[in-house]
Amino acid sequence: MLSIKYLIPLFVLLLASTEEIFFYLTSTKILSTDIQSRHISFLRERMIQTQESVEYFIRENNYVKIREQISSLGYNTNILEVILLNSEGKVDASLHLGHLGHSLKEDLTHINSQISAEFSDYILRTVNDPKNTKKQILENNLAQKRLLGIYPINYGVDDENAYLDRQGKLIMIEDTKHIDIEVKAQMQKQLLPSMLFMLASSVFLGVILYFYIVRRINRLEQQSKHYSEGDTNVTFEVSGHDELSQLGDTFNTMIHNIEEQKNIILEKERYLSLTLDSIGDGVIATDSLGNITRINPTAAVMTGFSQDRHRCKRKRR
């Protein structure tokens, strides 16, 4: 079993390590959430700006500018695809010019190396859901590590019904795998120095506690050893005003009481010896085995035994 003098530093190191792990996990989660929130905000701003520009150029019937606007988004390497669907569900603009005139399903099939079939089906269901016709959808799919934006695009009044608007869709898919790399970079830049400082502080505190407590325990141990070896003049001196110093005072009180009891016993022993030696009758005391433990002078003369308490041999005549 480990001594308490070793358990204290081990406990402090374990506590510091646990604190560092908890701090790391908590900080990583908070930092990851913060970075994801910023990327969602960036995507929202990008979607709104693109939505306004596209609707403006639709009113101007300038599809060349629309395609230039959408193609310019491809400079961001994290954006996997931008699709403009018209009211008939055909691609009017895309990062891939060869997809013009295709259906959404065909467009997504062309980029199946970048998105999973499951995520592609989810996009199709969301776009084709009548409940989402005029909804602005912005989702962070953590499982697929993708950001998805689906915004409505007003293509103007329906030719056959003046009360209906022709609704298209602006779809933007962004890769979020780089967020993990960004989190690690931010951890090294911001959190690592703080963690090292906390670890160093914990170790420093552990060293202080070790020397403050363990050295005093060692002193008590040494003083106890001296007393057990017969040094009755030892004094348990422990500095401070805590439990260890109170323990030292208790030891001192205990030693004082023991010495007092020893002196009382010795005094009684001397008194008993004087009493036995002064009476005229012979007195012999034995232990449970019948061995003589005490004999007064009168009994020694009568029996011929000496008064040597350790031997009690018969005197030779």
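Residues numbered from 1 in each chain as written. Predicted model: local features only at pLDDT ≥ 70, side-chain atom pairs only at ≥ 80, totals over all residues. Heavy atoms only, no water.

Observations regarding the overall build of the protein chain
Secondary structure assignment for the protein chain yields seven helices and seven strands. The N-to-C order of helical and strand elements in the protein chain reads α-α-β-β-α-α-β-β-β-α-α-β-β-α. Of all 317 residues assigned to the protein chain, the portion counted as buried reaches 32%. Contacts in the protein chain between residues far apart in sequence, at least 24 positions, make up 49% of those at least 6 positions apart. With the model as given, the accessible surface of the protein chain reaches about 20800 Å², and the carbon-plus-sulfur share is 56%. (Helix = DSSP H or I, 4+ residues; strand = E, 2+ residues; numbered from the N terminus. Buried < 20%, exposed > 50% of the residue type's maximum accessible area, 1.4 Å probe, protein only. Contact = heavy atoms within 4.5 Å. Areas by Shrake-Rupley, 256 points an atom, 1.4 Å probe, with all protein chains shown as cover.)

Regarding the confidence of the model for the protein chain
Summarising the model, the protein chain shows a mean pLDDT of 80, and 87% of its residues fall at 70 or more. Between the elements of the protein chain, mean pLDDT differs from a low of 75, seen in helix 5 (residues 178-228), to a high of 92, seen in strand 1 (residues 79-85). This model gives residues 309-317 a pLDDT under 50, and the stretch forms 18 contacts once residues within four places in sequence are excluded. (pLDDT = per-residue confidence, 0-100.)

A closer look at the nonpolar core
I66, V82, L84, I153 and M172 are the most contacted members of the largest nonpolar core, which totals 18 residues. Elements represented by at least two residues in this core include exactly helix 1 (4-59), helix 2 (63-72), strand 1, strand 4 (146-157) and strand 5 (165-175). Among the elements that make up this core, the one with the highest residue count is helix 1 (five residues). Residues contacting I153, with those up to four places away along its chain left out, are Q51, V54, E55, I58, L84, R166, Q167, G168, K169 and L170. Among the nonpolar cores identified, the runner-up in size contains 17 residues, and L80, L104, L108 and I111 belong to it. (Core = buried A, V, L, I, M, F, W, Y, C linked by side-chain atoms within 4.5 Å.)

Section: a nonpolar patch on the surface
A contiguous nonpolar surface patch, about 390 Å² in accessible area, is contributed by L13, L199, V203, V207 and F211. With four residues, the top contributor of residues to the nonpolar patch is helix 5. One can find L13 in helix 1. For L13, a relative accessible area of 43% corresponds to the partly exposed category. (Patch = residues over 30% accessible without salt bridge, like charges linked within 9 Å, V, L, I, M, F, W, Y side chains within 5 Å. Salt bridge = Lys/Arg side-chain N within 4 Å of Asp/Glu carboxyl O.)

Quick look at the side chain of T176
The topology assignment puts T176 in the loop between strand 5 and helix 5. You can call T176 buried: its relative accessible area is 7%. A polar side-chain atom of T176 sits 3.4 Å from the main-chain amide nitrogen of R146. Dropping the residues within four chain positions of it, T176 is found in contact with N140, K145, R146 and L147. (Polar contact = N/O pair within 3.5 Å; in protein donor to acceptor, adjacent residues only side chain to side chain.)

Some thoughts on helix 4 (residues 117-128)
What sets the pattern is the α-helix's 3.6 residues per turn: residues three or four places apart point alike. When the terminal C-alpha atoms of helix 4 are compared, their 16 Å separation across 12 residues agrees well with the 16 Å that a helix rising 1.5 Å per residue should span. All of the buried residues along helix 4 are F119, S120, I123, L124, T126 and V127. Down the axis, helix 4 shows its buried residues gathered within 165 degrees of arc, on one side only. For helix 4, the exposed residues set more than 90 degrees away from the buried face come down to A117, E118, R125 and N128. (Expected span 1.5 Å × (residues − 1). Arc of directions from axis to C-beta.)

Section: the pairing of strand 7 (residues 292-295)
As judged from the three bridges shared by strand 6 (residues 284-286) and strand 7, these two strands associate in the antiparallel manner. Bridging from a neighbouring strand, I284 pairs with I295 of strand 7. Between the end of strand 6 and the start of strand 7, which pair antiparallel, lie five residues, with G290 showing a positive phi angle near 90 degrees. (Pairing = 2+ DSSP bridges.)

Points about unusual backbone geometry
It is generally the case that most residues other than glycine have a negative phi and that most peptide bonds are trans. With a phi angle near 55 degrees, N61 is a residue other than glycine that sits in the positive phi range. On the secondary structure map, N61 appears in the loop between helix 1 and helix 2. Judged by its relative accessible area of 57%, N61 falls in the exposed class. Phi is positive for K145, which is not a glycine, with a value near 55 degrees. Here K145 lies in the loop between strand 3 (137-141) and strand 4.

Describing the pairing of strand 1
Buried residues dominate strand 1, accounting for seven of its seven residues. Looking at chain direction, strand 1 and strand 5 are connected through six bridges and run antiparallel. Along strand 5, the bridge assignment pairs E81 with I173. Counting the residues in the hairpin turn of strand 1 and strand 2 (residues 91-94) gives five residues, including G89, whose phi is positive at 80 degrees.

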